[in-house]
Amino acid sequence: MEEYVAEGLATQCREELVGDEQRSSWGSSSAKNFRETSRGNGGATSVLNAEMDRVSAGLETRLRASGRSRVELCPELLLGGDRPLVVFRSYNGDRVSSVDFQRNNKNLEVSKSQLMNNLINDRHDTFFHRNFKGNSQSCCLMDGVAEIACYGEKWSEVLALKNKHDKADLLSKTQTELDDISKKLQSATFRLEHIFREMGQIYEAHKTTHRESRHTDWSEYPELAAQLMISGHPMELMDGDAGHVPLTWISSLLEEVINKLGDQRVFVLSVLGLQSSGKSTMLNTMFGLQFAVSAGRCTKGAFMQLLKVSEEMKKDLKFDYVLVVDTEGLRALELEGNNTLHHDNELATFVVGLGNLTLINIFGDNPCEMQDILQIVVQAFMRMKEVKLSPSCVFVHQNVTDVAAAEKNMDGKRRLQEKLDLMAKLAAKEEVCNAECFSDVIEFDVQKDVKYCAQLWEGSPPMAPPNPGYSESIQEVKNTILSKAAKSAGITLSQFKTNIQDLWTALLTESFVFSFKNTLEIAVYRKLEVQYGNWTWTLRSNMLTIENQLHNRIENGKLDEVEQSYIFKEIRKAYEEVIKEMTKYFEDDKDREILTQWRGRFEIKIKEFHDEQVNKVKRKLHGVIQQRKARKIIDDKKSEFENKLLQKSKELAQKLKDKAKDEEELQRQFSSFWSGWVTELTADIKPAEEINLEKDQFIILKELGFEPALIDKCKRSGRYKKILTLGDYWDYIITSGQKYLRTLANIYQKYTSLGAFSYEEQQQIRWLISKAEKDSLDAIKSKPVVTRGYSTTYLCEMANHVKIEFQKFQSEKKYTLRKEFRVDLLLYVFYRAESWLEESHKKSKMNNDPLTYLESKKTQYYTTFRSFCKENSSAVVLGELICEKLKASTLEAVCNKTAIDLAGKMRCNFPAFNGNRLNLEKHMLKSLAEKEDFDDFILYITDPRRQTEAFIKTEVEKHIFKDHTDVAVNVLKKNVDDIKTTLSQALFTATQKVKNQRGNTDMWMKEFSNVLKHELKFDNICFENFSDINDLYFLNEEIKKGVISITEQMSSLSLDKLKEFRLRADEILIDQLCNCCWVKCPFCAAVCTNTMKDHGPYDHSTPFHRPSVISEEHWRHTGEFGMHFCAELVSSNYWFYPHHYSGKSIPCKQYKSAGSQYCTWRITPNGSNLAYWKWFVCRFQHELERHYNFKFQGRREIPHQWKTVSKYDAIKSLGEMY
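These lines cover the structure that appears in this document, whether it is placed above or below.

What counts and what doesn't
Residues numbered from 1 in each chain as written. Predicted model: local features only at pLDDT ≥ 70, side-chain atom pairs only at ≥ 80, totals over all residues. Heavy atoms only, no water. Buried < 20%, exposed > 50% of the residue type's maximum accessible area, 1.4 Å probe, protein only. Helix = DSSP H or I, 4+ residues; strand = E, 2+ residues; numbered from the N terminus. Pairing = 2+ DSSP bridges. Salt bridge = Lys/Arg side-chain N within 4 Å of Asp/Glu carboxyl O. Axes fitted to C-alpha atoms, helices over the stretch in contact; angles between N-to-C directions. Parallel < 35°, antiparallel > 145°, perpendicular 65-115°, else oblique. Left-handed = near helix turned anticlockwise from the far one by under 90°. Contact = heavy atoms within 4.5 Å. Nonpolar A, V, L, I, M, F, W, Y, C, P; charged D, E, K, R; others polar.

### Some remarks on the pairing of strand β10 (residues 301-308)
With respect to burial, β10 is a largely interior element, seven of its eight residues being buried. As paired elements, β10 and strand β11 (residues 321-327) share seven bridges and run antiparallel to each other. Bridge pairing in β11 places Leu 307 opposite Val 322.

### Considering unusual backbone geometry
Look at Glu 932: it is not a glycine, yet its phi comes out positive at around 55°. Mapped onto the elements of the fold, Glu 932 is located in the loop between α31 (917-931) and α32 (934-942). A positive phi is found at Ala 1085, a non-glycine position, where the angle reads about 70°. Relative to the assigned elements, Ala 1085 resides in the loop between α37 (1065-1073) and α38 (1126-1129). Ala 1085 sits in the buried class, given a relative accessible area of 5%.

### Concerning the pattern of salt bridges
Enumeration according to the criterion identifies 43 salt bridges in this entry. Among the ionic pairs, Glu 587 bridges to Arg 599, the shortest N-O distance being 3.3 Å. With Glu 587 in helix α17 (residues 564-588) and Arg 599 in helix α18 (residues 592-630), this pair connects stretches of sequence that are twelve residues apart. Judged by relative accessible area, which is 23%, Arg 599 ranks as partly exposed. The partner of Lys 1152 in a salt bridge is Asp 1099, and the shortest N-O contact between them spans 2.9 Å. In this pair, Lys 1152 sits in the loop between β17 (1146-1147) and α39 (1156-1159) while Asp 1099 sits in the loop between α37 and α38, placing the two residues 53 residues apart along the sequence. Looking at Asp 1099, the relative accessible area reads 30%, which means it is partly exposed. Salt bridges linked by common partners bring Lys 527, Asp 589, Lys 590 and Asp 591 together as one network.

### Digging into the packing of helix α29 (residues 858-869) against helix α30 (residues 874-909)
At a minimum axis distance of 10 Å, the contact between α29 and α30 shows a crossing angle of 165°. On the basis of their axis angle, the class for α29 and α30 is roughly antiparallel. Judged by the sense of rotation from one axis to the other, the crossing of α29 with α30 is right-handed. Across the interface between the two elements, Gln 860, Thr 863, Thr 864, Ser 867 and Phe 868 from α29 touch Val 876, Val 877, Glu 880, Leu 881, Glu 884 and Lys 885 from α30. Here the residues of the contact of α29 with α30 are counted per class, giving four nonpolar, four polar and three charged.

Distances and angles like these do not, on their own, reveal function.
Below you can see the structure in the form of structure tokens.
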């Protein structure tokens, strides 16, 4: 026997002698089939052949250099098993020689992907054999054929020793040797899938490391496999030896199939059954497939095969292909051991989840034999129900002697039903859910979904002929499958690819139901959320227009009460259009099968949103009506004052008409008389006082018993402005006094950690601050400040409300908060209310203070006065007066309409605003990272809604007033043109009607005002001073000239004017985008990203949680931050305390059992750790330590890998937030 030595990087090898008998076996069949497969499938394996030839040539060159003979690689032994296998044989005539290996590498853990990378990169002077566990420096190949002979001998020895009771030790040793030989024989199996398995691992290794090969284009491997799959060759889906699904390889393979065929719809048919129950034989018979069949474990893992639907059958079916998934048998003898049940449950869950229809194959009809498989199958279906997947099933009993015996079969179905119900109860306990019978788990009709098949052979093989009844039975099963398939649209290949990823990722974790994340379903739901935002915006924008029109009618005195039915009538058309669009989306979208589950919920939410908008508008308009009624006396006085001022201006003009050309003299004279007129008219009216909020706050705090020095100290420090976002409230705790001394030890142990409050205590103080702020602002905004003005009693009420809330909070705590906290809390609430109070009081002065109102009209009356001085006709003066009033009202109308339009444009086109809640979150986080302002981050963490509102305001300001002013100006000009057209039409309509009815100026004015009642606010004008006007045509022309002048001025209007009116784009968008869920994760304080506010019964969720340090979580009795992400925690073996006072800890895996705030959250343990927050922790490490008064130290020191994340990587990772 001739030996050769191949030196190089060998890690693990064992000896194997290949005899002539074995050589003839592979030479006559396997190699032939290998070459024929290559030719028959368009050269799909030609790359492998070329690679083997190249490796062989390289080795031969090296061996010749050392004086050795020619070698040839054995293709059917290349790349097999759990470790890469490359075997070469040297031929001397017909003799196959043995090979000796030397191992130079001391690392015994080199992965096969690394080893194959060396081969691909032409460093192939080393060859490897799988499953070697020896330690010698030089080992020889063992004879494979001898293994088989040895197995027979050992088995005979075991049988002989069993009869010798005194040879127990020898029997045990011999049985161990027999098991070892059995394992070696099992690992010697080699088929084409082993080659593709290695191709997949080479591909995954290169793709993971982004390495390029100089000799082989590894990126083409999926394309080669796709060609084979399209041609009808079964492809390995799950590695039967390793029990692993290579997701990267399978995904790329299916992507290539999609590239070649298109994203075709497929009906996925999977099969489950015990080993050797005839699964593969049944599929081959049914569809003419080529799944491997033999005695024992012929199928390992899972295989998938495409079966094209004929054009004739496509008329009845809604898909293009049937994708058949064949699996290895459950309860395989080769897998006996503790892991068998887990393996079977895993496999069953996987294939049941993949299949639109699963065939449950049962050998015979004995209930005892069925029990094991039924429990596995029922548990798999129960898992699908828990994760909202809805496959169907058909039970097939094979090898039944008398398939026509109706009574017997009926009894068999009854027993099967009983067993299924029993298994459902057992599985329900295992999966912790409610199910009393199998029909609670899956829709199942025992009369239609159970089939009986005759046995395959008539008699005993090998001489028995095939049984014709078997084919007939299988045809009946096939008809049942097709009838069920006709009711299904199947799924697309891309959906199938996603299902594989989701199912396998969930199976890798301990709890499938908690871990399963249906990526496709999530993507469809996210799209639905975007549509929901579009539908609600359509309703909101229409409602804003209706509100604007009704508001104008109220201000014009044309409407005294708003009926809810009228608003419903006005919005009906838009609502019906939205319902029509929504129905079309749910019925016509390509994902309509998935969307069905949410249709009812979203229809209800749209109806609720519609009703809410109607009620909101009615409340707002009711308030406007009440304000108008409250100021009716003032408005009447204003009309009286205006009439008198007009008369006085006319009289003064008559005296000064000879000075009409001296503009300065006219202004001086008018100003001197104006002051006298205003004083005369308002002599009996008390002027409105200016407010001094700071003084009032100081007085109120003193009345509450706080020392002036303390108030002044807190005011000057300014800390009260940030009281909500403080990281540590320890400084506010009293650390002296009788009460403190009594309870210090207990408080320190129970509530503090190295001088800091527990996380929950900190949160409760923040909750007190937030509640005091919200309740106080709600209370102050309900006061009639706009109609009646400011009063100090409003601040007193706020202060008393905060005092009551604080006392209630303090009574429930065992610690005492300092006076400084109460002062800062009150100052903070006052501070938050200041801007609203000042703005409201300003409006109140304009509406209710005659002096302020008259001063605002000075310019208008000077214009009228000057016109009288020039001896202009009454028509000209009235035209100028009307235009002055139109100028103010058209400006307001145009700015309000522009605000709505700009909000709509940004909602549709601005990237941060045109998606769902998650999209808004992503852009806000990107903005925070770009600014790198720690205070903004802390505000986002503690009060995400306020930070989101600030982000929206900033982006609107930047977009409209800085970056895209041209767009805003164009919208403004369009609305100016529209209002110009409206005014021209109103002039024409009023003039024509008065002309036809021969009316007077007063009638013309009423008609003109009535036409404009929806479009803008227009104050009435007293006509006592214009009774001499007879020529309405002339008046019409004068107003036209004025309108042209107004519109020309407004076309060049500063965009800053948009900020001064009732409707603002930023506030409209805040109402639209912030009307969502704001519940925080109890672990990390990440906000739920559901677009709907009340999205029950669905759990709160967010795609990416944060490290718990973000929410100040730390380890009990330490000052160390918690560094885990929630996705890691809920799949770990850690325990946590639900509350700071909890004496009992809860396993993180069972977090839903920790109380109401935990059970409403769905946290998927998918291992996704957003790089963004790693960067944040590293970037602001020192700020976080100072803010929270904790340290990144000990076991919770920042991992080194986190420090390698750049800001660019952080922002880029936000793209993972799908």
